[in-house]
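What follows is each chain in one-letter form.
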Amino acid sequence: MIISKKSPLQIARQSYLPKLPLALQGHVCLQAGQPTESVANNKEIRQLFPNTYGLPVISLRQAKEGDYVLHTDHPLNVGVILSGGQAPGGHNVISGLYDGLKRQNEKSQLYGFLGGPSGLIEHKYVLLTDQMIDDCRNTGGFDIIGSGRTKLETPEQFDQAIDVCQELSITALVIVGGDDSNTNSCILAEYFQQKGCGIQVIGIPKTIDGDLKNGEIETSFGFDTATKVYSELIGNIQRDANSSKKYWHFIRLMGRNASHVTLECALQSQPNITLISEEVKARNMTLNDVVDYIVSVIVERAKADLNFGTVLVPEGLIEFIPAIGVLINELNDILADNSEFNTLNDDDERCEYIKGMLTPASSDLYSSLPRSIQRQLLLDRDPHGNVMVSRIETEKLLIEMVSKRLAKLKGEGKYKGKFSALSHFFGYEGRCAIPSNFDADYCYSLGLTSVHLIAAGKTGYMAVVRNLIEPASEWIPGGVPLTMLMNLEHRNGKMKPVIQKALVDLNGAPFHYLAAHRNEWAGERTTYVYPGPIQYYGPVEVCDQPTRTLKLEHIK
Ligand code: FBP
C-alpha cells in the first residue's frame, strides 16, 4: 500500500476554488472616495508622509457598460513578503496574487522574498511557479517563502530594497503583515515616492490577533481560523471538565496586546470566567483584584459542589494591569540601550540589577512577582520593541495566586471546595491551521485585490475586502490609505509614527454580549458550548460562518 505524503483533506483542499466577490469577476472598475486624514496627530503625520498622506479610500466594483475599466496588460513584476507571525490564509493571498498577475498578463512574474523582510535586503528570493502555487493552495502555514520579524527602518535598508527591486525589475511590493509590518509598508511607500523610484507598496492585513482593523478594515486574516481552532479545543476541555468534574483549567490565549481572540473564543464556547485585558485596564484593576474575581467565582461554584471550570486569560493581560504596564514600560526603557545589563552573568544577577534601576513602586511590584515571571519579563524584546508576551506564563501566575488565596479562605472556614488546576496555552496550535473557508476565500480575494490596486498604479494602500458578514459574492474589495491608520506613539523612548492597534472596544457589541452573559456562564447551570472542529465541506451555516465578533460588530 502506498501511503500518500498528503492527508486526504490536504488533497481535497488543493482543488477547493475560493468563492469570489462579484466585483472581482469580469471587468473591474475603481471608485475613489474623499481625501482622508490619519486616525490622530493629523498635522505631524501629514508632515512625515507628504507624498502619501490624504489619499482617498478606494472601492472596486464590477464594471457596467460605459464604465472606465481598470486594465493594464503589460507584464508586471511583483515581490511578496510575509512578515511577522504566521496566520492561516497567507498561502491564499499569494495564490490570489499569482493568479491575478498571470490573468493580467501571462508574462507577469511574482517573486517571493525569503524569511520575511530580511529577504528583501539580503537578496534572498525565489521566482514563484505554477507548481509551487498549486502545492500551497488553501493550505495553512507560511512555508512557501517563510516569514520573519526583521524591521526595515534605515535609509540604507530602503536603498538596498530599491537595488534588489531594480535588479529584478520589480515595480511593486506586497507586504503581508500586522500593524508593525504595515507601519513599515507605510514608511517604505513614502520613501519610494520621495525617491521617485517607481516602486509601489501595498499592504495586506494579517494577524491572528485581530487587532488590525478599523471602520474600513473589518478584520485581519487568520483571526477566523485561529479562533475556531482554539474554540474547538476549549470546548473539548469543557466537555472533559464537565465529565470528570475535578479540574479548573486556566487557558491563556494568544493575541499579544488585544483580547479579541479571548473574547471571540468566549463568545463561541461560553466559559465560566473570561478576563479581558482592556476591561482590567479601564477599571484600573490590580493583580489582586483579578485574583479576587476568579476566587469569587470558584468559591460560589464550590458551594454547589462544582469544583471545576474554565478560565480564559488573554496573552497580554499582564501588560494591561496598570501598575504592571508602568513596570513594563520602565523595563523597556532600561533594556532598550543597556550594555551593562548584557554583561551580567545569570538570571539572579539580572533580576537584582533591574530592581535597583526601577522606580521604588515598580521595584516593589517586581520583587513581589515569582522569580519565573521576573525572568520572563526580562527576555529579549522583539525587533519592534514589544515584550514577547507569549513567553510570560500568566496562567501559571494566576493559578499560584488563586491557590494561595483559596488556602487562606479554607483556613478561615470560608471555602470548602477542592481546587486542582491545570494550565494551557493555545497559540501556535492555531496559527498554521488549514484555513477555514472564510479565510481561504477572504485571502484569495485580498491577493486579487492587490493586483488591481497595483495595476491602477496605487501605492501606500492596504488591500481590503469589506461587507464580510454577507456571502462572498457580495463582498466589496478596495484599498485603504496606510497613512489613514497612523498616529504617533511612544516607542523605545521616542515618539514614532505607527499604525494604531485596535483594542477590544468596551462599548462595542461583542464585549457587551460577554458582559451581559458572563454571570450566567459562571454560575451553577452548565452553559458550555462545544463548537467542534472547523468544517470545510457541508452546509453553509456549519462551514461558511464568519466569527461572532464580525457578526456582532457589523449586523445592523
Ligand atoms: P503578528 O502580530 O506578527 O501577526 O504576530 C502575532 C502573534 O501570534 C502574537 O499573538 C504572539 O504574541 C506573537 O505572534 C508570537 O510571536 P513569535 O511567533 O515570534 O513567537
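Refer to the preceding data block for the structure.
Residues numbered from 1 in each chain as written. Predicted model: local features only at pLDDT ≥ 70, side-chain atom pairs only at ≥ 80, totals over all residues. Heavy atoms only, no water.

Quick look at the site of the ligand
Then, number 1: Near the ligand there are 14 residues, and of these Gly-85, Arg-149, Asp-209, Glu-315 and Tyr-428 occur at the shortest range.
Then, number 2: A distance of 2.8 Å is found between an oxygen atom of the ligand and a backbone nitrogen or oxygen belonging to Gly-85.
Then, number 3: At 2.6 Å from an oxygen atom of the ligand is found a side-chain nitrogen or oxygen belonging to Asp-209.
Then, number 4: Relative to its unbound accessible area of 490 Å², the ligand is 86% covered by the protein chains.
Then, number 5: Residues belonging to the shell around the ligand are distributed by class as follows: three nonpolar, five polar and six charged. (Near = heavy atom within 4 Å. Polar contact = N/O pair within 3.5 Å; in protein donor to acceptor, adjacent residues only side chain to side chain. Areas by Shrake-Rupley, 256 points an atom, 1.4 Å probe, with all protein chains shown as cover. Nonpolar A, V, L, I, M, F, W, Y, C, P; charged D, E, K, R; others polar.)

Here's the deal with the packing of helix H9 (residues 260-269) against helix H21 (residues 509-522)
Then, number 1: At their nearest, the axes of H9 and H21 sit 10 Å apart, and the two run at 50° to each other. When the axis of H9 is compared with that of H21, the two are oblique. When the axes of H9 and H21 are compared, the crossing they make is left-handed. Contacts between H9 and H21 involve Leu-263, Ala-266 and Leu-267 on the former and, on the latter, Pro-510, Phe-511, Tyr-513, Leu-514 and Trp-521.
Then, number 2: Partitioned by chemical class, the residues of the contact of H9 with H21 number eight nonpolar, no polar and no charged. (Axes fitted to C-alpha atoms, helices over the stretch in contact; angles between N-to-C directions. Helix = DSSP H or I, 4+ residues; strand = E, 2+ residues; numbered from the N terminus. Parallel < 35°, antiparallel > 145°, perpendicular 65-115°, else oblique. Left-handed = near helix turned anticlockwise from the far one by under 90°. Contact = heavy atoms within 4.5 Å.)

A closer look at the pairing of strand S8 (residues 248-253)
Then, number 1: Burial of S8 is extensive: six of the six residues sit out of reach of the surface.
Then, number 2: Going residue by residue along S8, you find Trp-248, Phe-250 and Arg-252 tucked away on one face and His-249, Ile-251 and Leu-253 tucked away on the opposite face as well.
Then, number 3: Here S8 runs beside strand S10 (residues 309-314); their pairing, made up of six bridges, is parallel. Bridge pairing links Ile-251 to Leu-312 in S10.
Then, number 4: With six bridges connecting them, S8 and strand S11 (residues 421-426) associate as parallel partners. Across the sheet, Trp-248 pairs through a bridge with Ala-421, a residue of S11. (Buried < 20%, exposed > 50% of the residue type's maximum accessible area, 1.4 Å probe, protein only. Pairing = 2+ DSSP bridges.)

Side note on the sheet that holds S8
Then, number 1: Within the open sheet, the four strands sit side by side as S9-S10-S8-S11. Their pairing is parallel. In this open sheet, the two edge strands, each paired with only one partner strand, are strand S9 (273-274) and S11.
Then, number 2: With two bridges joining them, S9 and S10 adopt parallel strand pairing. Within S10, the position partnered with Thr-274 by the bridge is Leu-312.
Then, number 3: Against the sheet, H9 makes contact with S8, S9 and S10, and its axis sits at roughly 155° relative to S10, the strand it touches most.

What about the side chain of His-91?
Then, number 1: Checked against the element boundaries, His-91 lands in helix H3 (residues 90-104).
Then, number 2: Within the structure, the side chain of His-91 is placed 2.8 Å from the side chain of Thr-139, a separation counted as a polar contact.
Then, number 3: Those residues within four positions of His-91 in sequence are excluded, and the remaining contacts are Cys-136, Thr-139, Gly-140, Gly-141, Phe-142, Asp-143 and Ile-144.

Examining unusual backbone geometry
Then, number 1: Not every positive phi belongs to a glycine, and His-123 is a case in point at roughly 55°.
Then, number 2: Assignment of secondary structure puts His-123 in the loop between helix H4 (117-121) and strand S5 (125-127).
Then, number 3: The backbone of Asp-305 shows a phi angle near 65°, a positive value even though the residue is not glycine.
Then, number 4: If you trace the backbone, Asp-305 turns up in the loop between helix H11 (287-303) and S10.

Structural notes on the pattern of salt bridges
Then, number 1: What the rule picks out here adds up to 29 salt bridges.
Then, number 2: Across the salt bridge formed by Lys-124 and Glu-122, the nearest N and O atoms sit 3.2 Å from each other.
Then, number 3: Across the salt bridge formed by Glu-352 and Arg-371, the nearest N and O atoms sit 3.1 Å from each other. With a gap of 19 residues between them, Glu-352 in helix H15 (residues 347-357) and Arg-371 in helix H17 (residues 371-377) connect regions that are remote in the sequence.
Then, number 4: A cluster of three or more residues bridged by salt bridges with shared partners is formed by Asp-348, Glu-352, Lys-355 and Arg-371. (Salt bridge = Lys/Arg side-chain N within 4 Å of Asp/Glu carboxyl O.)

Remarks on the packing of aromatic side chains
Note on aromatic pairs: each is described by the distance of the centres and the angle between the planes.
Then, number 1: Under the definition given, this model contains nine aromatic pairs.
Then, number 2: Taken together, a centroid distance of 6.4 Å and an interplanar angle of 85° make the contact between Tyr-442 and Trp-475 edge-to-face. Pair noted here: Tyr-442 is in helix H20 (residues 437-455) and Trp-475 is in the loop between strand S12 (461-466) and strand S13 (476-481), with a separation of 33 residues, a long-range link.
Then, number 3: Take Tyr-442: its relative accessible area is 1%, and that puts it in the buried class.
Then, number 4: Assessed through its relative accessible area of 5%, Trp-475 is described here as buried.
Then, number 5: For the pair Tyr-513 and Trp-521, a centre-to-centre distance of 6.5 Å together with 50° between the ring planes defines the contact as tilted.
Then, number 6: For Trp-521, a relative accessible area of 2% gives the class buried. (Phe/Tyr/Trp six-rings, centres within 6.5 Å; stacked < 30°, edge-to-face > 60°.)

Here's the deal with the sheet that holds strand S1 (residues 28-35)
Then, number 1: The strand order across the open sheet formed by nine strands is S1-S2-S13-S12-S7-S6-S3-S4-S5, and the pairing between neighbours is mixed. Each having just a single partner strand, S1 and S5 make up the two edges of the open sheet. Each strand axis lies, on average, 25° off the axis of its neighbour in the sheet, ignoring direction.
Then, number 2: With six bridges joining them, S12 and S13 adopt antiparallel strand pairing. Bridging from a neighbouring strand, Val-464 pairs with Gly-478 of S13.
Then, number 3: Packed on one face of the sheet, H20 meets S1, strand S2 (56-62), strand S3 (77-82), strand S6 (172-177), strand S7 (200-205), S12 and S13 and runs near 135° to S12.

Honestly, that's just the spatial picture; any functional story needs more than this.
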